[in-house]
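Here is what each chain is made of, one letter per residue.
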Amino acid sequence: MLAVHFDQPGGPENLYLKEVPRPIPGEGEVLLKVAASALNRADILQRQGQYAPPPGASDILGIEASGHVAELGPGCQRHWKIGDAAMALMPGGGQAQYVTVPEGFLMPIPAGLTLPQAAAIPEAWLTAFQLLHLVGQVQAGESVLIHAGASGVGTAAIQLARIAGAIPLVTVGAQDKLQMAEKLGAAAGFNYKEEDFSEAAMKFTKGAGVNLILDCIGGSYWEKNVNCLALDGRWVLYGLMGGADVNGPLLSKLLFKRGTLVASLLRSRDKKYKQMMVKAFTEQIVPHFSMEGPQRIQPVLDRIYPLAEIQEAHKYMESNKHMGKIVLEMPQ
């Protein structure tokens, strides 16, 4: 099969397609014939040599995909049959023509969605679901500040916060991203290049501050985050795009707010946790993709690239110009 490969860490120019052996499904695994796979920041970091896949995972890039069940490994519970369309979360290996996936990581494709649209759901939407509900414990009526509001996770978090009855606020770096976030249901958006989002969030909440922050930026935003956090607010850190270093009185400011700072990752979580989360997401959220009216949610796709243009796809993600997800289509 063809798969995305790089011989040494570095820039997008190191990526190429290589013929590699097709994986064989192990105990409780399904072989998925991949139709499409979405790009994630984790793929960029792994290519740069900064984010190794979890132990035992494929070293091929790709942590979410859609396609059709091609083979069932030994010990499968027979919830799936050969030929079924599915979307799946995976610890690696998605950017190839075939990938093996634990049976419990597969989800049905919502009615009305294409395979490329479905490929944009698993990692981004499960991350947003985990951050908001399992880690952030969001409640109806609470305000949620979502950084990188036009990203895959950001566009998912806006919609999930909205259907949970919370009030999503976002930070973005461009006017068109602001407009898109508001179209998806953001109550307000702040362009961090033009205004202090912390002051703007305090103004919007009439001085109360935000109840929950979903933060993929880290270091460079610490002070503004803690300044606009409400009393007893929760700050969930899930990325370090703005660096890892903090210089200043973070702990005293957090203590003063009685704030909670929680760090969370999805890829390194164990199989049991992921299966629990996939099951909850399938039951509680997946039906909303096919609903009509205000409870409807949708994956946001920016561009679809053929797999052969993997270098261009990585360059585009690194330009930070995209809104929503970048999807790769497999050669069939």
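Cut-offs applied
Residues numbered from 1 in each chain as written. Predicted model: local features only at pLDDT ≥ 70, side-chain atom pairs only at ≥ 80, totals over all residues. Heavy atoms only, no water. Helix = DSSP H or I, 4+ residues; strand = E, 2+ residues; numbered from the N terminus. Rg over C-alpha atoms; globule rule 2.2 N^0.38 Å. Buried < 20%, exposed > 50% of the residue type's maximum accessible area, 1.4 Å probe, protein only. Areas by Shrake-Rupley, 256 points an atom, 1.4 Å probe, with all protein chains shown as cover. Lys, Arg positive; Asp, Glu negative; His and termini not counted. Charge placed at Lys NZ, Arg CZ, Asp CG, Glu CD. Contact = heavy atoms within 4.5 Å. Core = buried A, V, L, I, M, F, W, Y, C linked by side-chain atoms within 4.5 Å. UniProt positions renumbered as here; feature names shortened; annotations may be inferred.

S.K.: Help me get a handle on the overall build of the protein chain, residues and values and all.
M.R.: Along the backbone of the protein chain there are 10 helices and 15 strands. Its C-alpha atoms give the protein chain a radius of gyration of 20 Å, within 12% of the compact-globule value 20 Å for 332 residues. The principal-axis extents of the C-alpha atoms in the protein chain amount to approximately 55 × 40 × 35 Å. Across the 332 residues that make up the protein chain, the buried fraction comes to 54%. A total of about 14,200 Å² of accessible surface is found on the protein chain, and carbon and sulfur atoms cover 54% of it. Computed over 29 positive and 31 negative side-chain charges, the separation of the two mean positions in the protein chain equals 3 Å.

S.K.: Tell me about the environment of Lys271, residues and numbers included.
M.R.: Here Lys271 is to be found in helix H9 (residues 271–284). For the pair Lys271 and Met90, spaced 181 residues apart in the sequence, the C-alpha separation amounts to 9.9 Å. Other than its neighbours up to four places away in sequence, Lys271 contacts Pro102 and Phe105.

S.K.: Requested: an account of the nonpolar core, with residues and values cited.
M.R.: Counting 68 residues, the largest nonpolar core has Trp125, Leu132, Leu160, Leu214 and Phe281 as its most contacted members. Looking at this core, the element that brings in the most residues is helix H3 (residues 122–135), giving 8 residues. In this structure Leu132 touches Gln137, Val138, Val144, Ala157, Leu160, Ala161, Leu212 and Leu214, once residues within four positions along its chain are discounted. Of all hydrophobic cores here, the second largest spans 30 residues; its members include Leu15, Val30, Val99 and Leu307.

S.K.: Go over the UniProt feature "domain: Enoyl reductase (ER)" (unreviewed entry) in the protein chain with me, naming the residues and quoting the values.
M.R.: As annotated by UniProt and renumbered to match this structure, "domain: Enoyl reductase (ER)" (unreviewed entry) occupies residues 10–328. The span residues 10–328 is 29% helix and 25% strand, and its two end C-alpha atoms sit 20 Å from each other.

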